[in-house]
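Here is how the chains run, residue by residue.
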Amino acid sequence: MVLSEKVNQLMEWASKRSVIRMNGDKFRRLVKAPPRNYSVIVMFTALQPHRQCVVCKQADEEYQILANSWRYSSAFTNKIFFAMVDFDEGSDVFQMLNMNSAPTFINFPAKGKPKRGDTYELQVRGFAAEQLARWVADRTDVNIRVIRPPNYAGPLMLGLLLAVVGGLVYLRGSNLDFLYNKTGWAFAALCFVLAMTSGQMWNHIRGPPYAHKNPHTGQVNYIHGSSQAQFVAETHIVLLFNGGVTLGMVLLHEAATSDMDVGKRKIMCIAGIGLVVLFFSWLLSVFRSKYHGYPYSFLMS
């Protein structure tokens with residue numbers, strides 16, 4: 001195919017679908033074979049249900065948002081296209097590129113072969129559309145303003161919360177002592193602190209996958225092996241461990257200051273020590289698995 005035919009074909013497909021689905025033949029003709037004066041961002045994925053790739057589906061949603069933001073932008077040109085190769089539709093492409101994991105994003109530049117930076121670091125940067133857009137801008141000099149579909153979940157939850165608070169104030173207008181309950185406020189503050197220290201804000205900004213499944217062995221990893229990234233499941237695990245340590249410390253404090261009989265205080269003290277020792281040991285083991293070479297451990301490695 002001559003260059004003009006390639007561009008016209010891609011523009012026709014892009015006008016119908018923001019992400020162009022490709023099989024092996026289309027990939028070789030339009031992406032690999034010269035001539036080419038356009039870049040192609042390709043997501044290699046495995047979306048079929050029997051592949052059980054949850055991360056692939058999550059990444060696909062963000063990729064579609066990015067591609068739609070570009071397709072319906074006033075700056076849309078034929079300088080860059082977004083494409084997808086599904087394993088079940090183009091397994092020969094995966095073999096050609098020696099690719100053994102999905103999802104994977106690769107930029108095929110207008111000139112030359114992809115360099116190291118043209119492969120997106122998914123496990124480090126996550127697959128949020130905004131992160132993908134920054135990478136695309138870095139590799140192609142095309143700036144895409146990500147426009148997400150309206151999400152009314154946040155305003156609805158805020159409205160529900162205000163309605164509940166307003167209802168409580170209305171029903172208990174003569175008795176607002178519950179607003180001065182120190183235990184309730186302390187519990188709410190503790191939950192917020194545990195959520196933030198476990199990495200929930202990082203998840204919100206970076207949009208990492210929930211976990212990673214090895215396509216060859218089927219093994220699912222819930223703890224990321226690098227100190228520069230994390231999975232969503234990892235934050236839940238760390239939150240649980242931090243909560244266990246916190247509960248142990250609360251029990252120790254209560255055992256030392258409460259007016260209960262000595263027997264119950266001893267039980268609380270033993271339970272508190274057990275919780276602190278057990279969950280702190282697990283926290284340390286998670287830390288060791290991410291910071292390779294860390295020399296210290298406690299109870300378990």
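Structure shown above.
Residues numbered from 1 in each chain as written. Predicted model: local features only at pLDDT ≥ 70, side-chain atom pairs only at ≥ 80, totals over all residues. Heavy atoms only, no water.

This paragraph deals with the nonpolar core. Generally speaking, a soluble globular protein has its nonpolar side chains buried in company with each other. Formed by 30 residues in total, the largest nonpolar core has its most connected members in Leu66, Phe82, Phe105 and Val136. Where this core is concerned, the elements lending two or more residues are strand 2 (39-45), helix 3 (54-71), strand 3 (80-86) and helix 6 (129-140). For this core, the element with the highest residue contribution is helix 3, accounting for eight residues. Here phenylalanine 105 is in contact with Val42, Met43, Ala59, Tyr63, Asp118, Thr119, Tyr120, Leu122, Leu132 and Trp135, once residues within four sequence places are set aside. (Core = buried A, V, L, I, M, F, W, Y, C linked by side-chain atoms within 4.5 Å. Buried < 20%, exposed > 50% of the residue type's maximum accessible area, 1.4 Å probe, protein only. Helix = DSSP H or I, 4+ residues; strand = E, 2+ residues; numbered from the N terminus. Contact = heavy atoms within 4.5 Å.)

Once that is clear, we can look at the sheet that holds strand 2. Reading across from one edge, 1-3-2-4 is the order of the four strands in this open sheet, with mixed pairing throughout. Each having just a single partner strand, strand 1 (19-21) and strand 4 (104-108) make up the two edges of the open sheet. Neighbouring strand axes in the sheet, compared pairwise and without regard to direction, differ in orientation by 30° on average. One ladder, built from five bridges, connects strand 2 with strand 4; its direction is antiparallel. The residue of strand 4 that forms the bridge with methionine 43 is phenylalanine 105. Lying over the sheet, helix 3 contacts strand 1, strand 2, strand 3 and strand 4, oriented at roughly 160° with respect to strand 3. (Pairing = 2+ DSSP bridges. Axes fitted to C-alpha atoms, helices over the stretch in contact; angles between N-to-C directions.)

Keep in mind these values describe shape, not function.
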